[in-house]
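Read off the chains here:
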Amino acid sequence: MAQKQEEDDKVRLDKWLWAARFYKTRALAKAAIESGKVHCRGERCKPGKEPRIGDEFQIRAGFEERTVVVQALSIVRRGAPEAQALYAETEASIAKREAAAAMRKAGSLGVSTDGKPSKKQRRDLFKFRGSSNDE
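Computed from a predicted structure; not experimentally measured.

Draft legend 1. Representation of the sheet that holds strand β5 (residues 87-89). Spatially, five strands are ordered β2-β1-β3-β4-β5 in an open sheet, and the strand pairing comes out antiparallel. Looking at which strands have only one partner, the edges of the open sheet turn out to be β2 (43-44) and β5. Of the strands in this sheet, β4 (64-70) and β5 are in contact with helix α4 (residues 91-107), which crosses β4 at around 165 degrees.

Draft legend 2. Molecular detail of the side chain of Arg-66. Summarising the element assignment, Arg-66 is placed in strand β4. Within the structure, the side chain of Arg-66 is placed 3.2 Å from the side chain of Glu-64, a separation counted as a polar contact.

Draft legend 3. A look at the pairing of strand β3 (residues 56-61). The pairing of strand β1 (residues 38-40) with β3 spans three bridges and is antiparallel. When the sheet's bridge partners are listed, Val-38 is paired in β3 with Ile-59. Bridge analysis of β3 against β4 gives six bridges, and the strand direction is antiparallel. Paired with Ile-59 across the bridge in β4 is Arg-66. As consecutive antiparallel partners, β3 and β4 are separated by two residues, and within that stretch Gly-62 has a phi angle of approximately 70 degrees, a positive value.

Draft legend 4. Just the side chain of Asp-14, in detail. With respect to the helices and strands, Asp-14 occurs in helix α1 (residues 13-19). Within the structure, Asp-14 has its side chain in polar contact with the side chain of Arg-12 (distance 3.2 Å). Contact partners of Asp-14, with chain neighbours within four places excluded, come to Arg-26, Ala-29, Lys-30, Ile-33 and Pro-47.

Draft legend 5. Region of interest: the nonpolar core. Counting residues in each nonpolar core, the largest one holds 22 residues, and the members touching the most others are Trp-16, Leu-17, Phe-22, Tyr-23, Val-38, Phe-57 and Ile-59. Those elements giving two or more residues to this core turn out to be α1, α2 (26-34), β1, β3 and β4. Apart from residues no more than four positions distant in its own chain, Phe-57 is found in contact with Leu-13, Val-38, His-39, Cys-40, Cys-45, Lys-49, Pro-51, Arg-66, Thr-67, Val-68 and Val-70.

About the thresholds
Residues numbered from 1 in each chain as written. Predicted model: local features only at pLDDT ≥ 70, side-chain atom pairs only at ≥ 80, totals over all residues. Heavy atoms only, no water. Pairing = 2+ DSSP bridges. Helix = DSSP H or I, 4+ residues; strand = E, 2+ residues; numbered from the N terminus. Contact = heavy atoms within 4.5 Å. Axes fitted to C-alpha atoms, helices over the stretch in contact; angles between N-to-C directions. Polar contact = N/O pair within 3.5 Å; in protein donor to acceptor, adjacent residues only side chain to side chain. Core = buried A, V, L, I, M, F, W, Y, C linked by side-chain atoms within 4.5 Å. Buried < 20%, exposed > 50% of the residue type's maximum accessible area, 1.4 Å probe, protein only.

What follows is the structure, encoded as structure tokens:
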């Protein structure tokens, strides 16, 4: 499962985020940390920070923002089930993420027109307004 770390072993934050599969490469993890997308106790982190068991991190990746608590340390990237054992996402974070996903999904169902509408968008607008196109 997760590799046990002794007190003298060092685990860098960028390596842990990569091993926990939050980012696809270690370089992306380092860039995300440096750009302020990873916070510990409300403050920005550095890639060389050593995460400890019990630390809470706020991680932004794309549209998703997660709050996770470190459960185990590892510097080896393994399968997804083993990577998920490295952290536990808080209940508030899960609820917030699901609500944001629902809002994004609901927003994309409407008709969007950027400039002149296409033929399909025009038909959708006529159908929405309840009028026919033969007018």
